[in-house]
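Structural overview for review
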Amino acid sequence: DSHIQYERVGADVTMKCGSMDWDAAVTWTANGTDIDESHLNGSYLILKNVDLSQSGQYSCYEGSSWHLKYQTYLRVGTPPKEPVLMCRSNNYPKGFYCSWHLPTPTYIPNSFNISVIHGTKDMVCEKDAVPKNRCHIRLLQLFSTVKYKVTLTVTNALGKNFTTLTFDEFAIVKPDPPESVVAKPVPNNPRRLEVSWQNPSSWPDPESFPLKFFLRYRPLILDQWQHVELSDGTSHTITDAYAGKEYIIQVAAKDTDIGTWSDWSVAVHATPWTEEPKHLTTEAQITETTSASTSSFMAPPTTKICDKGAVVGS
Amino acid sequence: MAAADSPSAALRRRDLCSRGIRLAGKMRADVVDLLDAYVEQQGLDASASVAAVEGVPLAAVERWDEQTGTQRLLENLAAYRAFRALLAQMLEEQREQLGEADAGLGRALAAVLLQVSAFTYHLEELLRLESRGIPGEEEDGPPAPPRLSLFEQKLRGLGVLRELAQWAVRSVRDLRQLAKPSPAPGAAPGLAESP
């Protein structure tokens, strides 16, 4: 009989040759290769302190007739550790999703079971086809003070573990980053950059559930970001840019009333408008051009005071 | 059906809604601060689960997006009238128990009560604008609560403030729905479409 045998890393494994007696003459193979007699105790195969590399197909043949008497597929692995579970609503108020992963691999198949309870009500967590370890829950009730309790249980042949999350509806609201961020120079304005973006497409009803935004920008040559919080609208004009310096710009979003900030958007780069150099021919003009460029680096503007405690998703 | 929206009524409604949104937003911020102070000073556990307290209007609602504008206003009005009475009672209990020791908490409670009263009046204004009859007060006043122990009073207070914080967010959302221009036929009803 052929079947799968699961064993923990480090375990000592003994395999009998099916119904053969202890003292019967047999041959053992691992993935088709004969196993040295030193691993045998009579007709039993003894594997000490197994490791992952010893996973494979083990077969036992009767000594003279070479009849296959026993075959098993050995899977060496570990019991699951406590899974890491995260729940979030990036499409509030439609619903929220929960996703999970194991902190370390088990090397053998695991099965996950998730239960979502709101007060006394069991809620269905519909598994997403992709990504695998994720499911989503429709919010049937809004503005509830009753907490949600999500329990994830992971089981494999070597053990079982679980984790539980308890949270309020509002606490898990975190939009996706803004999309289509564009930054452009403003003609004839050497210190301005026009930035525009769009609400994340996953946010279903920005009119009833408006987002506010956080813009950060800095010249590539400096490390210090400048921030500005915008309570509405999806564009902003930076008016204190260093003339002629390339800028990196990102935007984050948050529901106006609840939840936490999104991660930063994809970074965009832009350089403020600069005057076209005049077409000069004489030596003087070249000198004049050189001296003009060293004076364009002006004193840094005051940093705008961010909103107290506004911490954007990392 | 409410009278078709005249431009001035629509403008007036939008103005009332946007002021109401700001008022509810401020109220929520103050209630959240008050909640933190209340939990701390009453020696409660912030994560404690508080069963639904009788007489406290629950903000939780199903199919919220399908509500008509009038439903939103009437449910808000009933809730804030109830909160007005509940907060007044909490204030009274506060003064009986603690005297000067927690004057700060009392003042914060009184300030929130003032905002709840103002918001209640605001809702009545909106209903008047819709030439809707304003339900009488006695229909909404919460039943006199049974005599509670000190700890039960504290837990009830926690429940009241938690629900009020949720209601404030719900009200902001409701008013945003009301502020939307009258939807095309067949879409989710706004105020003008109320039955």
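Residues numbered from 1 in each chain as written. Chains lettered and ligands numbered in written order. Predicted model: local features only at pLDDT ≥ 70, side-chain atom pairs only at ≥ 80, totals over all residues. Heavy atoms only, no water.

1. Observations concerning the overall build of chain B
Assigned secondary structure in chain B consists of 4 helices and 1 strand. The secondary structure elements of chain B, listed N-terminal to C-terminal, are α-β-α-α-α. Here chain B holds 195 residues, and the buried ones make up 46% of them. Residue pairs at least 24 apart in sequence account for 87% of intrachain contacts in chain B once pairs closer than 6 positions are excluded. In the structure as shown, chain B presents an accessible area of about 9200 Å², 57% of it carried by carbon and sulfur atoms. (Helix = DSSP H or I, 4+ residues; strand = E, 2+ residues; numbered from the N terminus. Buried < 20%, exposed > 50% of the residue type's maximum accessible area, 1.4 Å probe, protein only. Contact = heavy atoms within 4.5 Å. Areas by Shrake-Rupley, 256 points an atom, 1.4 Å probe, with all protein chains shown as cover.)

2. So, the packing of aromatic side chains
All names here are of chain A. For the structure shown, the criterion picks out 17 aromatic pairs over all chains. Plain terms: the ring middles of Tyr 217 and Tyr 247 are 6.2 Å apart, the flat faces sit at 40° to each other, and that makes the pair tilted. In this pair, Tyr 217 is assigned in strand S20 (residues 211–219) and Tyr 247 in strand S23 (residues 247–255), connecting sequence segments 30 residues apart. Taking relative accessible area as the criterion, Tyr 217 reaches 1% and is therefore assigned buried. (Phe/Tyr/Trp six-rings, centres within 6.5 Å; stacked < 30°, edge-to-face > 60°.)

3. Brief notes about helix H4 (residues 150–179) of chain B
Taking 1.5 Å per residue as the helical rise, H4 of chain B with its 30 residues ought to reach 44 Å, and the 43 Å between its terminal C-alpha atoms agrees with that figure. Taken across its 30 residues, H4 of chain B has 26 buried, putting it largely inside the fold. (Expected span 1.5 Å × (residues − 1).)

4. Here we look at the interface of chain B and chain A
Between chain B and chain A, the residue contacts involve 19 residues of the former and 19 residues of the latter. Here chain B and chain A share an interface that buries about 1700 Å² over both sides, 52% of which is from carbon and sulfur atoms. Contact with chain A buries area across many residues of chain B, yet Gln 166, Arg 173 and Arg 176 of chain B alone supply 34% of it, more than any other trio. The tally of links between chain B and chain A comes to 5 salt bridges. With a closest N to O distance of 4.0 Å, Asp 205 of chain A and Lys 180 of chain B form a salt bridge. Elements supplying a minimum of two residues to the side of chain B that touches chain A: strand S1 (61–62) and H4 of chain B. If one sorts the elements of the side of chain B that touches chain A by residue count, H4 of chain B sits on top with 9 residues. Taken together, the residues of the side of chain B that touches chain A sort by class into 7 nonpolar, 3 polar and 9 charged. Where strand S15 (residues 141–142) of chain A and S1 of chain B come together, 2 bridges link them in antiparallel fashion. Paired with Gln 141 of chain A across the bridge in S1 of chain B is Glu 62 of chain B. (Buried area = accessible area lost by both parts, 1.4 Å probe. Salt bridge = Lys/Arg side-chain N within 4 Å of Asp/Glu carboxyl O. Nonpolar A, V, L, I, M, F, W, Y, C, P; charged D, E, K, R; others polar. Pairing = 2+ DSSP bridges.)

5. A word on the sheet that holds S23 of chain A
Residues and elements named next belong to chain A. In space, the 4 strands of this open sheet follow the order S21-S20-S23-S24, with antiparallel pairing throughout. The open sheet has two edge strands with one neighbour each: strand S21 (226–230) and strand S24 (268–270). The average angle at which neighbouring strand axes cross in this sheet is 25°, direction not considered. Of the strand pairs in this sheet, S23 and S24 are connected by 3 bridges, and their pairing is antiparallel. From the neighbouring strand, Tyr 247 faces S24, where its bridge partner is Ala 270. (Axes fitted to C-alpha atoms, helices over the stretch in contact; angles between N-to-C directions.)

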